[in-house]
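Here is how the chains run, residue by residue.
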Amino acid sequence: MHTPKANDVYAREVLMARVGHLIRRKQQEVERITRILRACFDPDVVQAPEPGEIRRIILIGPYARKTWYEDDETINFSDYEFWIVVNHPLFKEAECWTRAREVIDSELGNRCAVSLELYSKADIRVAKAERDTFILDRIEAGITLYRASRDAPLLPRERKGVRS
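All of these numbers come straight from a predicted model, not from anything done at the bench. (Residues numbered from 1 in each chain as written. Predicted model: local features only at pLDDT ≥ 70, side-chain atom pairs only at ≥ 80, totals over all residues. Heavy atoms only, no water.)

**Q** Is there a simple way to explain the overall build of the protein in this structure?
**A** Within the protein one finds six helices and six strands. Starting at the N terminus and walking to the C terminus, you meet the elements of the protein as α-α-β-α-β-β-β-α-β-α-α-β. Classification of the 164 residues of the protein by burial places 43% in the buried group. Counting contacts in the protein only where the partners sit at least 6 residues apart, residues at least 24 apart contribute 75% of the total. Of the roughly 9300 Å² of accessible surface on the protein, 48% is carried by carbon and sulfur atoms. (Helix = DSSP H or I, 4+ residues; strand = E, 2+ residues; numbered from the N terminus. Buried < 20%, exposed > 50% of the residue type's maximum accessible area, 1.4 Å probe, protein only. Contact = heavy atoms within 4.5 Å. Areas by Shrake-Rupley, 256 points an atom, 1.4 Å probe, with all protein chains shown as cover.)

**Q** Sorry, what's going on with the packing of aromatic side chains here?
**A** Both the distance between ring centres and the angle between the ring planes are used here to describe each pair of aromatic rings. Under the criterion given, the structure shown has six aromatic pairs. With a centroid separation of 6.1 Å and an interplanar angle of 80 degrees, the aromatic rings of Phe41 and Phe91 are classed as edge-to-face. Pair noted here: Phe41 is in the loop between α2 (24-40) and β1 (54-60) and Phe91 is in the loop between β4 (80-86) and α4 (98-108), with a separation of 50 residues, a long-range link. By relative accessible area, Phe41 is classed as buried at 7%. The exposure class of Phe91 is buried, given its relative accessible area of 1%. With a centroid separation of 6.1 Å and an interplanar angle of 45 degrees, the aromatic rings of Trp83 and Phe134 are classed as tilted. Placement of Trp83 in strand β4 and of Phe134 in helix α6 (residues 133-141) is noted, with a sequence separation of 51 residues between them. Residue class for Phe134 comes out partly exposed when judged on its relative accessible area of 43%. By the ring-pair criterion, three or more aromatic residues cluster together here, those being Phe41, Phe91 and Trp97. (Phe/Tyr/Trp six-rings, centres within 6.5 Å; stacked < 30°, edge-to-face > 60°.)

**Q** What exactly am I supposed to notice about the pattern of salt bridges here?
**A** Pairing between side chains becomes possible if they bear opposite charge and their charged atoms approach one another. Within the structure shown, the criterion is met by six salt bridges. Between Glu29 and Lys26 there is a salt bridge, and its shortest N-O distance comes to 3.7 Å. With Glu29 and Lys26 both in helix α2 and three residues apart, the pair spans about one turn of that helix. Judged on exposure class, the residue Glu29 and its partner Lys26 are both buried. Residue Glu31 pairs with Arg35 through a salt bridge whose shortest N-O separation is 2.8 Å. (Salt bridge = Lys/Arg side-chain N within 4 Å of Asp/Glu carboxyl O.)

**Q** For this particular structure, what's the right way to read the environment of Thr98?
**A** Mapped onto the elements, Thr98 comes out in helix α4. Placed 58 residues apart in sequence, Thr98 and Cys40 show a C-alpha to C-alpha distance of 8.3 Å.

**Q** So what exactly am I meant to see when it comes to the nonpolar core here?
**A** Grouped burial of nonpolar side chains is what soluble globular proteins tend to show. Leu37, Leu59, Phe82, Ile84 and Trp97 are the most contacted members of the largest nonpolar core, which has 32 residues in total. Going through the elements one at a time, α2, β1, α3 (62-65), β4, α4, β5 (114-120) and β6 (143-147) are the ones with two or more residues in this core. Considering every element that reaches this core, the biggest residue donor is α2, with five residues. In terms of nonpolar packing, the next biggest core, distinct from the first, is built from nine residues, Trp83, Val85, Tyr119 and Ile139 among them. (Core = buried A, V, L, I, M, F, W, Y, C linked by side-chain atoms within 4.5 Å.)

**Q** Could you clarify how one ought to interpret the sheet that holds β5 in this entry?
**A** Whenever strands of a sheet pair, they do so through backbone hydrogen bonds, lying parallel or antiparallel. Strand order in the open sheet formed by four strands is β5-β4-β1-β6, and the pairing between neighbours is mixed. The two strands at the open ends of the sheet, each matched to only one other strand, are β5 and β6. Taking each pair of neighbouring strands and ignoring which way they run, the sheet shows an average axis angle of 20 degrees. Summarising the sheet, β1 and β4 pair through six bridges and their orientation is antiparallel. By the bridge assignment for β4, Arg56 is matched with Val85. Against the sheet, α6 makes contact with β1, β4, β5 and β6, and its axis sits at roughly 105 degrees relative to β4, the strand it touches most. (Pairing = 2+ DSSP bridges. Axes fitted to C-alpha atoms, helices over the stretch in contact; angles between N-to-C directions.)

This is the structure we're talking about:
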């Protein structure tokens, strides 16, 4: 069993605590989606000048703002909105995310809708330079679920969507 390091600020328990305002099932879904995104990201399908890397995964929208809703009678519920920042624009290509989307669909099915928005580090730099409040406000208000500069790497068995 994997024991989180003391400095692993994105261990499962810590990640779930970041979304502690959600009910337990929603916390688990957010944690699982984050793990799937990290494990199933496939940068090898595009040719880029540098190795592909997810720099950050941010939960935005109603689940981050604590305004989410779920109505069993009408089957209305908030969508999960994840913003993913990658290190190079080529890694925003849909092919890099095909496996992640397939695994999310198969594991979570119709229990939740998941929206992915992809940005590169360059997109974020441009947004800062242009003071694009749409992007900057959402990033600031969002909950960072993963940050490459502080997170422990995935274990080999967690790569490519293997259940952990």
